[in-house]
Amino acid sequence: MATSPDHAVVLGAGMSGLFTARVLAQHFRRVTVVERDATPTDDGPRRGIPQGHHPHGLLLKASDLFDSLFPGIIAECAEHGAVRANVLTQHRVYIYGHELRQTEIGRETVLLSRPLLEHRVAERVRALPNVTVRRGWEAVGLLTTGGYRVTGVTVGRSGSGEREDLAADLVVDATGRSGRARAWLRTLGYPEPAEQRVPVGISYATRLYELPPDVLGNDRLVSVSPQPAHPRGIAFVSRENHRWSLSLYGYGDHRPTADPDEFAAGIAELAPEYVLKALARGTAVSDIQVMQYPAGIRRRYDRLDRFPEGFLVTGDALCSVNPVYGSGMTIAAAQARELGRQLRGGTHGLWRRYFRAAARITAPAWQFAVMGDAPLAGTSRLRQPGVVLGSAYMRRMARAAETDQEAAGALMRVVGMDRSPAHLFRPRLLASALRGGRPRG
Ligand SMILES: Cc1cc2nc3c(=O)[nH]c(=O)nc-3n(C[C@H](O)[C@H](O)[C@H](O)COP(=O)(O)OP(=O)(O)OC[C@H]3O[C@@H](n4cnc5c(N)ncnc54)[C@H](O)[C@@H]3O)c2cc1C
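First, a word on what this report is: a plain description of the structure on this page. Remember, it's a predicted structure, so these values are computed and weren't measured experimentally. (Residues numbered from 1 in each chain as written. Predicted model: local features only at pLDDT ≥ 70, side-chain atom pairs only at ≥ 80, totals over all residues. Heavy atoms only, no water.)

### Description of the overall build of the chain
Here's step 1: Tallying secondary structure elements over the chain gives 12 helices and 21 strands in all.
Here's step 2: Relative to the 2.2 N^0.38 estimate, which gives 22 Å for 441 residues, the radius of gyration of the chain is 22 Å and therefore close to what a compact globule would have.
Here's step 3: For the C-alpha atoms alone, the extent of the chain along its principal axes is close to 70 × 45 × 40 Å.
Here's step 4: For the chain, buried positions account for 57% of its 441 residues.
Here's step 5: Sequence-distant contacts in the chain: of pairs separated by 6 or more residues, those separated by 24 or more amount to 71%. (Helix = DSSP H or I, 4+ residues; strand = E, 2+ residues; numbered from the N terminus. Rg over C-alpha atoms; globule rule 2.2 N^0.38 Å. Buried < 20%, exposed > 50% of the residue type's maximum accessible area, 1.4 Å probe, protein only. Contact = heavy atoms within 4.5 Å.)

Written out as structure tokens, the structure is:
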């Protein structure tokens, strides 16, 4: 096997693999991305990304992060049909039954399908002169010398017996939540990271609609989040080609199905009247796609004492937060950017520095989801005092945000990962939450 200095290999060309490749291209002479799916995302979801049928919202923080990795990518998505929307004046958000006051917070986002977003990002990566994307190949195991350093990866052509060893100075696993890094580490004699699981048992059912323009007036997104007595929610989101995606999701036994009558009944139970009227003026243009998401998973690589040099894990393979909170792609982009920062300090000991920094990125999103899920997921594991208290405070804050513009804006910023959850505990907001948003005096 030929040695290949300055070569990095990224496993998986999902969003985190693509972001990672972008960053590594600045630090390595060559970058190879190995993706199991033979065909790229073009105008429809692909096999390796079943979540591509379901809405993929960009959090407030995502637009800045994406633009920092791929300058102009948000505007480019809009040129390709993504819908520009002002955050909160064009969003109608109901949390725990409280409609957040529509407020100008001076931020814009784009609404689009996951395939459109992935396609635009993949095209940017494809245009990088030192990056090669090998589709139709899958990672099957790591290569090492003496076990203390990963020196490459064995890949196999999907659906055939053909194998090849790729030498690399750095291998990054971005193969998603079902990634096999833990098993690979075990084979090399390394300890596996502890795994935290939050068994949320979320199920999604999503259907696409064609609706007349401006059928919801100025609104471009309607989100009704679940309540403890009825842990089901809906997301109704505008996207390219005058289409809207309508999702019904539920925790545990409240799972929606692909049956059109059941789907319509579930929507009718939750959607505000004006959404139902808009739907009546539109046409369903797809089947109902269903997907299950059993549990949030956080793998604590940051707590390991021993780990091989030359190997990292990122994206959902590292931490997969309940998708209801829409944080996965933002976390993936933030981790990739952090990897770039850590690489400025060289590759020696990179794993320890990177995993610790990545854990600091995921922690607020993970905690926020745990707090939100506590009253919904019906699992005793979430009923710790701190979690229950935080969750009760969130409900108060949502009530305050019905009338208090600052509370509404703060909630959107925290949900959007633009501010840490501590932002909600500033004295002015604390007082408002305790008063339930009613004016003073
Ligand atoms: C229903 C649902 C809705 C979601 N909604 C949102 C949202 O609104 N906003 C948001 O930010 N995030 C959302 N997410 C999360 C988001 O999709 C992911 O967090 C994000 O895309 C990062 O994923 P990833 O790239 O790490 O992994 P994945 O998206 O799983 O990608 C992994 C890639 O690796 C490939 N692969 C797997 N095994 C191998 C192998 N052995 N060799 C080579 N390639 C391999 C796969 O084919 C795939 O392309 C949602 C997720 C779900 C399930």
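### What about the site of the ligand?
Here's step 1: The ligand sits among 30 residues. The nearest are Glu 35, His 56, Gly 57, Asp 316 and Met 329.
Here's step 2: Separating an oxygen atom of the ligand from a side-chain N or O atom of Ser 16 is a distance of 2.8 Å.
Here's step 3: Within the contact set of the ligand, an oxygen atom lies 2.7 Å away from a side-chain nitrogen or oxygen of Asp 316.
Here's step 4: Within the residue set of the shell around the ligand, elements represented by two or more residues are helix H1 (15-24), strand S2 (30-35), strand S8 (137-145) and helix H8 (328-343).
Here's step 5: Sorting elements by how many residues they give to the shell around the ligand places S8 first, with three residues.
Here's step 6: Class assignment of the residues belonging to the shell around the ligand gives a composition of 11 nonpolar, 13 polar and six charged. (Near = heavy atom within 4 Å. Polar contact = N/O pair within 3.5 Å; in protein donor to acceptor, adjacent residues only side chain to side chain. Nonpolar A, V, L, I, M, F, W, Y, C, P; charged D, E, K, R; others polar.)

### Quick look at the side chain of Arg 299
Here's step 1: Mapped onto the elements of the fold, Arg 299 is located in strand S19 (residues 296-299).
Here's step 2: Residue classification places Arg 299 among the buried positions, given a relative accessible area of 9%.
Here's step 3: Separated by 3.0 Å, the side chain of Arg 299 and the backbone oxygen of Arg 177 make a polar contact.
Here's step 4: Within the local environment of Arg 299, its side chain forms a polar contact with the backbone oxygen of Ala 317, the two atoms lying 3.0 Å apart.
Here's step 5: Aside from chain neighbours lying at most four places away, what touches Arg 299 is Arg 177, Arg 182, Pro 193, Ala 194, Glu 195, Asp 316, Ala 317 and Leu 318.

### Structural notes on the sheet that holds S8
Hydrogen bonds along the backbone pair up the strands of a sheet, which may run parallel or antiparallel.
Here's step 1: Ordered in space as S8-S9-S10, the three strands form an open sheet in which the pairing is antiparallel. Since the sheet does not close on itself, it has two edges, and those belong to S8 and strand S10 (163-167), each with one partner. Here the average twist between neighbouring strands, direction ignored, is 30 degrees.
Here's step 2: Pairing of S8 with strand S9 (residues 149-157) involves eight bridges; the strand directions are antiparallel. Paired with Trp 137 across the bridge in S9 is Arg 157. (Pairing = 2+ DSSP bridges. Axes fitted to C-alpha atoms, helices over the stretch in contact; angles between N-to-C directions.)

### A few points about the environment of Arg 298
Here's step 1: With respect to the helices and strands, the residue Arg 298 is situated in strand S19.
Here's step 2: Sequence separation between Arg 298 and Pro 199 is 99 residues; the distance between their C-alpha atoms is 12 Å.
Here's step 3: What Arg 298 contacts, discounting residues up to four positions off in sequence, is Ala 194, Glu 195, Gln 196, Leu 318, Cys 319, Ala 359, Thr 362, Ala 363 and Trp 366.

### What about the sheet that holds strand S21 (residues 319-320)?
Here's step 1: Strand order in this open sheet of three strands is S12-S19-S21, and the pairing throughout is antiparallel. The outermost strands of the open sheet, each flanked by one partner alone, are strand S12 (195-198) and S21.
Here's step 2: By the bridge criterion, two bridges tie S19 to S21 in an arrangement that is antiparallel. By the bridge assignment for S21, Arg 298 is matched with Cys 319.
Here's step 3: Helix H9 (residues 350-373) rests against S12, S19 and S21 of the sheet, and its axis sits at about 150 degrees to S19.

### Focus on empty space enclosed by the protein
Here's step 1: On inspection of all chains with the given rule, the structure shows three cavities of 30 Å³ or more.
Here's step 2: Empty space within the largest cavity amounts to approximately 70 Å³.
Here's step 3: Elements with a minimum of two residues in the lining of the largest cavity: S19 and H9.
Here's step 4: When residues in the lining of the largest cavity are grouped by element, the largest group, four residues, is from H9. (1 Å grid on protein atoms, 1.4 Å probe; cavity = no way out; pocket = protein on both sides within 12 Å on 5 of 7 lines; lining within 4 Å. Points joined across faces, edges and corners; volume = space filled by probe spheres on them.)

### As for unusual backbone geometry
Here's step 1: Despite not being glycine, His 242 shows a phi value in the positive range, around 60 degrees.
Here's step 2: In this structure, His 242 sits in the loop between strand S15 (232-239) and strand S16 (243-251).
Here's step 3: The class of His 242 is exposed, set by a relative accessible area of 58%.

### Side note on the pattern of salt bridges
Think of it this way: side chains of opposite charge can pair up when their charged atoms draw near.
Here's step 1: Scanning the model with the defined rule gives 29 salt bridges in all.
Here's step 2: Linking Asp 418 and Arg 107 is a salt bridge whose minimum nitrogen-to-oxygen distance equals 3.1 Å. Here Asp 418 is found in the loop between helix H11 (405-415) and helix H12 (427-435), whereas its partner Arg 107 is found in the loop between strand S5 (98-99) and strand S6 (108-111), with 311 residues between them in sequence. Across this residue pair, the class does not change: Asp 418 and Arg 107 are buried.
Here's step 3: The salt bridge partner of Glu 192 is Arg 186, with a shortest N-O separation of 2.3 Å.
Here's step 4: Sharing partners across several salt bridges, the network here consists of Arg 182, Arg 186, Glu 192, Glu 195, Arg 197 and Arg 299. (Salt bridge = Lys/Arg side-chain N within 4 Å of Asp/Glu carboxyl O.)

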